[in-house]
Amino acid sequence: MTIHSAPPSSTRPPAWKGMVAVDDTALAVTDTGGTGVPVLYLNGQFATQGYWRRVLGDLGPRYRHITYDERARGRTSKRSADYSFEAAVRDVDAVLAARGVERAVIAGWSYGAFVAAHWTSRNPRRAIGAVLVEGAEPYDWLTEDLERRIRRQFRLWYPLMVLLRPTGLTPRMSHRQMSECNIELGRIGSARALGPVLDAITVPTRYVLASGASLGSKGDEQELIRAAVPAVTERNPHIRLGAKVASNHDAILKKDFRAVADAVREVTALDRPGTAG
């Protein structure tokens, strides 16, 4: 496992694929290299880097694309004793350091959007901008009833998820670990907890929102969560709605990848190096 230092400015970073060590684990990372604007992509909670392939294809070689699989996700990333949200934020720093990237656009989908919002809020001089895809909407969606439902769902899904592990489509985590990750996100995503994080963002940030329901949601739950975004954009002029698309939460990177790519282009065009806003 090798962590690369920053390459000299006169060199063209080569394409690279390998493992990056962090804490007690190692993450599978892919870097297209090149001299384009770096974009770091943060996956959904139990998703893999392959979900972003259409966005990468639309943006093309003018950007340097860095993707990775979080702890125990995908086929190669290793297990860990820590699957907390803070560990996910630390992993952003580890991957950027390993690839010698000082500043980047941070694009996150679902769980990854929450991680992107936190990292961007904490690192205004390192974030060129952020794209929050179907996530990081401050809303108090976690109730005692929903917490029980989450635990029950992961317990029921677990036997099938174990069977699918060799494909890389499901994480190598217990149903309790997966439930806790999801429940922790509910607390982190509450209006009281997430609102100040979003208010502190000082770089161009765009939401890309889906429509309708998704796997595990009921009725209009998802639309109620999305309805929290206008209040965010009213409070913070750096954050805007980039697009509201027709596809649902699960299909947005597949069916509306162009809207996501356009949001990356937009925040990149607004970059002002050397400033925090």
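Owing to the predicted nature of the structure, the values given are computational and were not obtained by experimental measurement. (Residues numbered from 1 in each chain as written. Predicted model: local features only at pLDDT ≥ 70, side-chain atom pairs only at ≥ 80, totals over all residues. Heavy atoms only, no water.)

Here we look at the pairing of strand β4 (residues 63–69)
Cut-off, in case you're wondering: Think of it in three bands: with a 1.4 Å probe and only protein chains considered, a residue is buried below 20% of the maximum accessible area for its type, exposed above 50%, and partly exposed in between. A run of H or I in DSSP becomes a helix once it reaches four residues, and a run of E becomes a strand once it reaches two; helices and strands are each numbered from the N terminus. Only strands that DSSP links by at least two bridges are regarded as paired with each other. Every crossover in which the path from the first strand over the helix to the second runs clockwise, viewed with the strands pointing away from the viewer, is termed right-handed.
Here β4 lies mainly inside the structure; seven of its seven residues are buried. In β4, alternate side chains face the same way, and those of Tyr 63, His 65, Thr 67 and Asp 69 on one face and Arg 64, Ile 66 and Tyr 68 on the other are all buried. As defined by bridge partners, strand β2 (residues 25–31) adjoins β4 across four bridges and the pair is classed as antiparallel. Of the residues in β4, the one forming a bridge with Asp 31 is Ile 66. In this structure, strand β3 (residues 37–42) lies alongside β4, joined through five bridges in parallel fashion. Residue pairing in the sheet places Val 39 in a bridge with His 65 of β4. In this fold, β3 hands off to helix α1 (residues 53–59), which returns the chain to β4; that crossover is right-handed.

Some thoughts on the confidence of the model for the protein
Selection rule: Every residue is assigned a pLDDT by the predictor, reflecting its confidence on a scale from 0 to 100. Two residues form a contact once any of their heavy atoms are found within 4.5 Å.
A residue-level look at the protein finds 93% of positions with pLDDT of 70 or above and a mean pLDDT of 93. Note on residues 1–10: pLDDT under 50 across the span, and 18 contacts to partners over four residues away in sequence or across chains.

Here's the deal with the pattern of salt bridges
Between side chains of opposite charge, pairing is possible as soon as their charged atoms come close. Our working definition: For this document, the term salt bridge refers to a Lys or Arg side-chain nitrogen within 4 Å of an Asp or Glu carboxyl oxygen.
Throughout the structure, instances matching the rule amount to 24 salt bridges. Asp 23 serves as the salt-bridge partner of Arg 90, at 2.8 Å between the closest nitrogen and oxygen. Of the two residues, Arg 90 is situated in helix α2 (residues 85–98) and Asp 23 in the loop between β1 (16–22) and β2; the sequence distance between them amounts to 67 residues. Among the ionic pairs, Asp 58 bridges to Arg 258, the shortest N-O distance being 3.9 Å. Residue Asp 58 is found in helix α1, and its partner Arg 258 is found in helix α10 (residues 257–269); the two are separated by 200 residues along the sequence. Residue classification places Asp 58 among the partly exposed residues on the basis of a relative accessible area of 26%. Given a relative accessible area of 53%, Arg 258 falls into the exposed group. Three or more residues are tied together by salt bridges with common partners; here these are Asp 23, Asp 24, Arg 71, Asp 82, Arg 90 and Asp 91.

A word on the environment of Gly 186
Checked against the element boundaries, Gly 186 lands in helix α5 (residues 175–188). Each C-alpha atom of the pair Gly 186 and Tyr 139 lies 8.5 Å from the other, and the pair is 47 residues apart in sequence. Excluding residues within four positions of it along the chain, Gly 186 makes contact with Trp 141 and Leu 142.

Here's the deal with the pairing of β1
For a regular strand, side-chain orientation follows a simple rule: the groups alternate between the two sheet faces. Buried residues dominate β1, accounting for five of its seven residues. Pairing analysis gives seven bridges linking β1 to β2, with the strands arranged antiparallel. Opposite Val 20, over in β2, you have Leu 27 as the bridge partner. Between β1 and β2, which pair antiparallel in sequence order, lie two residues; one of them, Asp 23, sits at a positive phi of approximately 50°.

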